[in-house]
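A structural walkthrough
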Amino acid sequence: MDVRVKFLGGAKSVTGSKYLLEIDEFKVLIDCGLFQGELELRQRNWDPFPVNPEDIDVVIITHAHIDHTGYLPRLYREGYSNPIYCTPASEDLMRVLLLDSAKLQEEEAQWARKKGYTKHKRPEPLYEVQDAEDALTLIQSIPYKQKYSINEKISIKYFDAGHILGSAMLEVTVHGESQTKKIVFSGDLGRYDNPILYDPTPMDEADILFVESTYGNRTNEPVDPKD
């Protein structure tokens, strides 16, 4: 079995998170984030997607923040039509956030046309509300700690990440002919003892771990959320 991974976002930036996990010919996109922030980053959203969206077999989302989900309507617009997996709470949040993101895309294009501050004769949104609504029909939610088989070789399981409601660490189990490997994607990790959120689940084992490192070079001081 041939397993490969490509990093399609989140490089030199904390936005646009995307991993492409290729297991033989089966293509799994883990997170599908929008690049946000400076103009140079936002312009990346308009670049041709590194893989044909029609060739992606499944999308798996770790949590609902736009830097992890906001490219989904664009992916759909360019031809993706297969399942999108997430936790139930992430599904609820995505139904709010993706429609809001699409509305902002439309309003920005309208404003650019009105004020003429773009070099394009007719500025268009990255995607529209209808694209977001259509992409949302592809969602299938999976509860935490419930094993779900995507096919005969790949199963997934979600664990609490403690970042926002519905956020999850993702365990991907790949079953080969002679061995089984566990690949864990941390997603964005939260703190312990946060109100309304469960603590991040300690992971017992992983053959390969992909872990967020946004704050890996600094110390986050404790903050009392009540304050």
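Structure: above.
Residues numbered from 1 in each chain as written. Predicted model: local features only at pLDDT ≥ 70, side-chain atom pairs only at ≥ 80, totals over all residues. Heavy atoms only, no water.

1. Some words on the overall build of the protein chain
- Along its length, the protein chain carries five helices and eleven strands.
- Against the globule reference of 17 Å for 227 residues, the protein chain gives a C-alpha radius of gyration of 18 Å, in line with a compact fold.
- Residue pairs at least 24 apart in sequence account for 59% of intrachain contacts in the protein chain once pairs closer than 6 positions are excluded.
- Surface summary for the protein chain: the accessible area is close to 12700 Å², and the carbon and sulfur share equals 49%. (Helix = DSSP H or I, 4+ residues; strand = E, 2+ residues; numbered from the N terminus. Rg over C-alpha atoms; globule rule 2.2 N^0.38 Å. Contact = heavy atoms within 4.5 Å. Areas by Shrake-Rupley, 256 points an atom, 1.4 Å probe, with all protein chains shown as cover.)

2. Digging into helix 5 (residues 129-136)
- When helix 5 is considered as a whole, its buried residues turn out to be D131, A132, A135 and L136. Viewed along the axis of helix 5, the buried residues span an arc of 135°, placing them on a single side of the element. (Buried < 20%, exposed > 50% of the residue type's maximum accessible area, 1.4 Å probe, protein only. Arc of directions from axis to C-beta.)

3. As for the sheet that holds strand 8 (residues 154-160)
- Read across the sheet, five strands follow the order 7-8-9-10-11 without closing on themselves; strand pairing throughout is mixed. Of all strands in the sheet, those with a lone pairing partner are strand 7 (148-149) and strand 11 (208-210), marking the two edges.
- The sheet contact formed by strand 9 (residues 168-175) and strand 10 (residues 180-185) spans six bridges and is antiparallel. Directly across from L170, in strand 10, lies its bridge partner F185. (Pairing = 2+ DSSP bridges.)

4. Considering unusual backbone geometry
- The phi dihedral of D31 falls on the positive side, at around 70°, and the residue is not glycine.
- You can see D31 is positioned in the loop between strand 3 (26-30) and helix 1 (39-43).
- The backbone of K145 sits at a positive phi, close to 60°, despite the residue not being glycine.
- Turning to its location among the elements, K145 is positioned in the loop between strand 6 (139-141) and strand 7.

5. Examining the sheet that holds strand 6
- In spatial order, the strands read 1-2-3-4-5-6; together these six strands make up an open sheet with mixed pairing. Because the sheet does not close on itself, it has two edges, and the strands there are strand 1 (3-7) and strand 6. Within the sheet, the average angular offset between the axes of one strand and its neighbour, ignoring direction, is 25°. (Axes fitted to C-alpha atoms, helices over the stretch in contact; angles between N-to-C directions.)

6. Observations concerning the pairing of strand 8
- Among the seven residues in strand 8, six count as buried, and that is most of the element.
- Of the strand pairs in this sheet, strand 7 and strand 8 are connected by two bridges, and their pairing is antiparallel. What sits directly across from S149, in strand 8, is S155.
- Where strand 7 folds back onto strand 8 in an antiparallel hairpin, the turn is made up of four residues.

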